[in-house]
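Residue strings, one per chain:
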Amino acid sequence: MTWLKFALWLLGIYSLYYAVLIFWDKHWAGKTDQSGDKHELTFVEHIEPIKSFIGELLDPQTSPIVAHGGVSLKEVFSLAREEAIEYIRPVSF
């Protein structure tokens, strides 16, 4: 048996296999359960919305970064000089 003959046989077997699967699906698609019970699970959950803090974040008097404990860029460089923070790349001062 040559490689060409083997490849053609293999192609034929796979084609027949997939044709049978497609026919089987089409045949059983019309014979679904008509009782109306579709065996579907449904879950009902009572969800209460949480309080939105968008208004507090957009307050122009306080910066959102400082309000949440962040530091400015100038303070980051001063902390790096004092070695109070750990950094992995060299920082030019």
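What you see is a predicted model; the values in this text were computed from it and never measured. (Residues numbered from 1 in each chain as written. Predicted model: local features only at pLDDT ≥ 70, side-chain atom pairs only at ≥ 80, totals over all residues. Heavy atoms only, no water.)

Novice: How should I be thinking about the overall build of the chain in this particular structure?
Specialist: When you go through the chain residue by residue, the secondary structure sums to four helices and zero strands. Scanning the chain from its N terminus toward the C terminus, one meets helices and strands in the order α-α-α-α. Burial analysis of the chain (93 residues in total) assigns 1% to the buried set. Surface exposure of the chain reaches about 9800 Å², of which carbon and sulfur atoms provide 65%. (Helix = DSSP H or I, 4+ residues; strand = E, 2+ residues; numbered from the N terminus. Buried < 20%, exposed > 50% of the residue type's maximum accessible area, 1.4 Å probe, protein only. Areas by Shrake-Rupley, 256 points an atom, 1.4 Å probe, with all protein chains shown as cover.)

Novice: Please clarify how a nonpolar patch on the surface should be interpreted in this entry.
Specialist: Together, Met 1, Trp 3, Phe 6, Trp 9, Leu 10, Ile 13, Tyr 14, Tyr 17, Tyr 18 and Leu 21 line one region of the surface with nonpolar side chains, adding up to about 1200 Å² of accessible area. Summarising the element assignment, Leu 21 is placed in helix α1 (residues 3–29). We classify Leu 21 as partly exposed; its relative accessible area is 35%. (Patch = residues over 30% accessible without salt bridge, like charges linked within 9 Å, V, L, I, M, F, W, Y side chains within 5 Å. Salt bridge = Lys/Arg side-chain N within 4 Å of Asp/Glu carboxyl O.)

Novice: Just to check I follow, could you spell out the packing of aromatic side chains for this structure?
Specialist: For any pair of aromatic rings, the description rests on two quantities: the centre-to-centre distance and the angle between the ring planes. Using the criterion set out here, one finds four aromatic pairs in the structure. With a centroid separation of 6.0 Å and 85° between ring planes, the pair formed by Trp 3 and Phe 6 is classed as edge-to-face. Residue Trp 3 and its partner Phe 6 are located together in helix α1, separated by three residues, close to a single helical turn. Its relative accessible area of 40% is what places Phe 6 among the partly exposed residues. With centroids separated by 5.7 Å and ring planes inclined at 55°, the aromatic side chains of Trp 24 and Trp 28 adopt a geometry described as tilted. Of the two residues, Trp 24 and Trp 28 are both situated in helix α1; the distance of four residues between them amounts to about one turn of the helix. Given the relative accessible area of 42%, Trp 28 is considered partly exposed. Here the aromatic cluster, defined as three or more aromatic residues joined through ring pairs, consists of Tyr 14, Tyr 17 and Tyr 18. (Phe/Tyr/Trp six-rings, centres within 6.5 Å; stacked < 30°, edge-to-face > 60°.)

Novice: Is there a simple way to think about the confidence of the model for the chain in this case?
Specialist: Parts of the model with low pLDDT should not have their predicted coordinates read in detail. Here the chain averages 76 in pLDDT, and 63% of its residues register 70 or above. Predicted confidence in the chain is weakest over helix α3 (residues 64–67), with a mean pLDDT of 51, and strongest over α1, with 94. (pLDDT = per-residue confidence, 0-100.)

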